[in-house]
Amino acid sequence: MSGSLGRASAALLHLGRGVLLRGPALRTWSSGPGGSGSASREHLDALVKKDKVVVFLKGTPQQPQCGFSNAVVQILRLHGVADYAAYDVLEDPDLRQGIKDYSNWPTIPQVYLNGEFVGGCDILLQMHQNGDLVEELKKLGIRSALLDTETDQDSK
């Protein structure tokens with residue numbers, strides 16, 4: 001296990017005990033009219049802007065197929081982000097390559113907030129650890145569940 005992935009897993013296991021939230025909506029990828037399979041820039045642009053939070057990952061949120069995709073799902077779960085679009089890039093090689101070209105980012109998972117590319121697992125983990133993710137979610141009108149956890153601990 002790589003160092004950053006190991007740290008991500010350890011942090012998530014430490015912080016995530018007892019958190020049970022409903023799952024995100026898995027969106028199916030369609031290449032658009034004609035079904036040519038090519039991921040056009042316009043179609044990808046529409047996908048990333050369709051929902052406040054969009055994740056392109058390997059597998060599904062319920063069954064991620066790589067540790068980095070799992071870490072992204074767990075970070076979102078910790079923050080109580082249940083309403084997000086998730087696209088499985090393993091289902092379509094055109095989507096997998098197309099989203100990499102679209103973002104000019106070579107790896108999966110990829111996270112978009114309000115249509116803006118945020119980054120992958122390492123960046124989302126860093127944002128989670130330094131508090132930036134709470135602030136970014138707040139801008140989207142999403143209250144992080146971690147704020148509720150802090151409030152509960154403060155009242156004890």
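In what follows, the structure referred to is the one given above.
All of these numbers come straight from a predicted model, not from anything done at the bench.

### Things to note about the nonpolar core
By size, the foremost hydrophobic cluster in this structure holds 21 residues, and its most contacted members are V53, V55, L76 and Y84. Secondary-structure elements contributing two or more residues to this core are β2 (53–57), α3 (67–78), β4 (110–113), α5 (121–130) and α6 (132–139). V55 has contacts with V72, L76, Y84, A85, A86, Y87, Q110 and V111, leaving out every residue within four places of it along the chain. By size, the runner-up hydrophobic cluster in this structure holds 13 residues, among which are L44, V48, A85 and V89.

### Focus on α6
Looking at α6, one finds that the buried residues are L133, V134 and L137. Buried residues in α6, looked at end-on, bunch into an arc of 105 degrees, giving them a common side. Turned more than 90 degrees away from the buried face of α6 sit K138 and K139, all of them exposed. G141 sits one or two positions beyond α6 and adopts a positive phi of about 80 degrees.

### Focus on the packing of α3 against α5
One way to put it is that α3 packs onto α5 with a least axis distance of 9 Å and a crossing angle of 25 degrees. The angle between α3 and α5 falls in the class roughly parallel. Our pair here, α3 against α5, has a crossing hand that is left-handed. Residue-level inspection shows F68, A71, V72, I75, L76 and L78 of α3 in contact with α5, the latter providing C121, L124, L125 and H128.

### Digging into the state of the cysteines
What the rule picks out here adds up to zero disulfides. Of the cysteine sulfurs around C66, a residue in no disulfide, the closest is that of C121, at 8.0 Å. With a relative accessible area of 18%, C66 lands in the buried category.

Rules of the game
Residues numbered from 1 in each chain as written. Predicted model: local features only at pLDDT ≥ 70, side-chain atom pairs only at ≥ 80, totals over all residues. Heavy atoms only, no water. Core = buried A, V, L, I, M, F, W, Y, C linked by side-chain atoms within 4.5 Å. Buried < 20%, exposed > 50% of the residue type's maximum accessible area, 1.4 Å probe, protein only. Helix = DSSP H or I, 4+ residues; strand = E, 2+ residues; numbered from the N terminus. Contact = heavy atoms within 4.5 Å. Arc of directions from axis to C-beta. Axes fitted to C-alpha atoms, helices over the stretch in contact; angles between N-to-C directions. Parallel < 35°, antiparallel > 145°, perpendicular 65-115°, else oblique. Left-handed = near helix turned anticlockwise from the far one by under 90°. Disulfide = S-S within 2.5 Å.

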